[in-house]
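Architecture and fold: a report
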Amino acid sequence: MRTIDWNDDSNSIVMIDQTLLPMEYKVIECKTLASLCEAIKSLRVRGAPALGAAGAYGIALAATLSSASDMDALIRDLNVAAKTIKATRPTAVNLAWGVDRTMGAISDAYDLSGIKDVVLAEAKNIADEDVETNKKLGKHGAKLLEDGDTVMTHCNAGKMACVDWGTALGVIRSAVEAGKDIKVIACETRPLNQGGRITTWELMQDNIDVTLISDSMSGHVMSKGMVDKVIVGADRITGDAVFNKIGTYTHSVLAREHEIPFFVAAPISTFDPNNWEDTVTIEQRDANELRFFKDVQIAPADVKVYNPAFDATPMENVTAVITEKGVFYPPFLLDELLA
Ligand SMILES: CSC[C@H]1O[C@H](OP(=O)(O)O)[C@H](O)[C@@H]1O
């Protein structure tokens, strides 16, 4: 099953609830916009490309649910839905990209039912394209890995962060598919442990050798020569920085110190030409994500907490960005990428 998909029988969005992995594999159904927004905010569906598909399917769901009696009223409903979906998580540019691209399909429709048809078709296109994009990106990135490499990764940039295949883990899967012996060191990625819960689970499902470490161990394993390359995903890439899960910047500094190649794997849709030079909103998440793990209290219930979900890795720490169009070595020009 794909990470997120459309159910034609019930006109709803289905997804694997990632908050339950690896202890439970459960497929949930979002039949309302509110339930989709809750799923995005709670990271039941997460990861930039998967959020792109979630945003796209969210517009299709809103169109299906709308009781508008004319095109203008439906478009008003969809504009409200677009704003609501975009507001759920601010950093991953793919969420807004998926919403905007699906909304753009409206111009191809000539009547009410036509709008509902074109937005659903566009959302399905976005989902299908993501899988193909990741396979192309994976093939380009696999050439950068050598047989016998141990690759460190952070958070989860696998098929669970996408519609399927994955970006950072897509590179690893493609290298393994090409016959290379690749071992992975997965950083658990506090506070929500996407690495310890989801990356390890994904790779073990594929019989890819994976070792779990805590985030604080990354410098140690690099200093011991245990890491040949680092590959991470991205939520937004601008002219001077890669915005990715908190802790990525730390690994990039350590990789630079130990002269270890630091690769970012991301589709072109993760680049943000509209804010190429601007500052990016870093999502601040709930304090209890650090005070509790699941329902177990692990810090004083009233301790002050600072919980940014992402950090910015300067391009000078990035060896190359792997995309479906090929590998780009910083500094690169925007028009080179978007050509
Ligand atoms: C392939 S994008 C994956 C990217 O998204 C993750 O963030 P979150 O789990 O909060 O959605 C993380 O930054 C990954 O690198």
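Being a predicted model, the structure only gives us computed values, none of them experimental.

1. What to know about the packing of aromatic side chains
Where two aromatic rings form a pair, the distance of their centres and the angle of their planes describe that pair. Inspection of every chain in the model, using the stated rule, returns 5 aromatic pairs. Clustering of aromatic rings is evident, with ring pairs tying together Phe 271, Trp 276, Phe 328 and Phe 332. The ring of Trp 165 is capped by Lys 135, whose NZ or CZ atom sits 4.5 Å from the centre of that ring. Taking NZ or CZ as reference, Lys 245 lies 4.1 Å from the ring centre of Phe 310, over its face.

2. Topic: the confidence of the model for the protein chain
It should be kept in mind that the predicted coordinates are not to be read in detail where pLDDT is low. The pLDDT averaged across the protein chain works out to 97; a share of 100% of its residues lies at or above 70. Across the predicted assembly, pTM comes out at 0.97 and ipTM at 0.97.

3. Thoughts on the UniProt feature "active site" (unreviewed entry) in the protein chain
Under the present numbering, the feature "active site" (unreviewed entry) in UniProt falls on Asp 235. Along the polypeptide, Asp 235 turns up in the loop between β7 (229-232) and β8 (236-237). Beyond its immediate sequence surroundings of up to four residues, Asp 235 is in contact with Ala 48, Thr 91, Ala 92, Val 93, Asn 94, Phe 243, Asn 244, Lys 245, Thr 270 and Phe 310.

4. Describing the UniProt feature "binding site: substrate" (unreviewed entry) in the protein chain
Per the UniProt record, "binding site: substrate" (unreviewed entry) is annotated on Arg 46, Gly 47, Ala 48, Arg 89, Gln 194, Asn 244 and Lys 245. The residue Gly 47 is located in the loop between α1 (33-41) and α2 (48-65) in this model. Look at Gly 47 and you get buried, because its relative accessible area is 10%. Not counting residues within four places of it along the chain, the set of residues in contact with Lys 245 comprises Arg 89, His 154, Cys 155, Thr 189, Gln 194, Asp 235, Ala 309, Phe 310 and Asp 311.

5. Here's the deal with the environment of Asn 193
Locating Asn 193 in the fold gives a position in the loop between β5 (183-187) and α7 (194-205). Given the relative accessible area of 12%, Asn 193 is considered buried. It is 27 Å that separates the C-alpha atoms of Asn 193 and Leu 144, two residues lying 49 residues apart in sequence. When near neighbours in sequence (up to four residues on either side) are disregarded, Asn 193 contacts Glu 188, Ile 198 and Phe 293. At a separation of 3.4 Å, a polar atom in the side chain of Asn 193 contacts the side chain of Glu 188.

6. Details of the pairing of strand β14 (residues 320-323)
On β14, burial covers both faces: Ala 320 and Ile 322 on one face and Val 321 and Thr 323 on the other are all buried. Pairing of strand β10 (residues 262-265) with β14, which is carried by 3 bridges, proceeds in the parallel orientation. For Val 264, the partnering residue across the bridge sits in β14 and is Val 321. Here 3 bridges tie β14 to strand β15 (residues 326-328), and the two strands are oriented antiparallel to one another. Looking at β15, one finds that Ile 322 is bridged to Val 327. The antiparallel hairpin formed by β14 and β15 contains 2 residues in its connecting segment.

7. Some remarks on the environment of Ser 12
Within the secondary structure, Ser 12 sits in strand β2 (residues 12-16). Classification of Ser 12 as buried rests on a relative accessible area of 0%. Along the chain, Ser 12 and Gly 55 lie 43 residues apart, while their C-alpha atoms are 13 Å from each other. What Ser 12 contacts, discounting residues up to four positions off in sequence, is Asp 5, Trp 6, Asn 7, Glu 29, Cys 30, Lys 31 and Leu 61. Here Glu 29 takes part through its side chain, which lies 2.5 Å from a polar atom of the side chain of Ser 12.

8. A short note on the environment of Glu 38
Positionally, Glu 38 belongs in helix α1. The exposure class of Glu 38 is partly exposed, given its relative accessible area of 34%. Separated by 50 residues in sequence, Glu 38 and Thr 88 place their C-alpha atoms 8.2 Å apart. At a separation of 2.9 Å, a polar atom in the side chain of Glu 38 contacts the side chain of Arg 44.

Reading the values: the criteria
Residues numbered from 1 in each chain as written. Predicted model: local features only at pLDDT ≥ 70, side-chain atom pairs only at ≥ 80, totals over all residues. Heavy atoms only, no water. Phe/Tyr/Trp six-rings, centres within 6.5 Å; stacked < 30°, edge-to-face > 60°. Lys NZ or Arg CZ within 6 Å of the ring centre and 35° of its normal. pLDDT = per-residue confidence, 0-100. UniProt positions renumbered as here; feature names shortened; annotations may be inferred. Helix = DSSP H or I, 4+ residues; strand = E, 2+ residues; numbered from the N terminus. Contact = heavy atoms within 4.5 Å. Buried < 20%, exposed > 50% of the residue type's maximum accessible area, 1.4 Å probe, protein only. Polar contact = N/O pair within 3.5 Å; in protein donor to acceptor, adjacent residues only side chain to side chain. Pairing = 2+ DSSP bridges.

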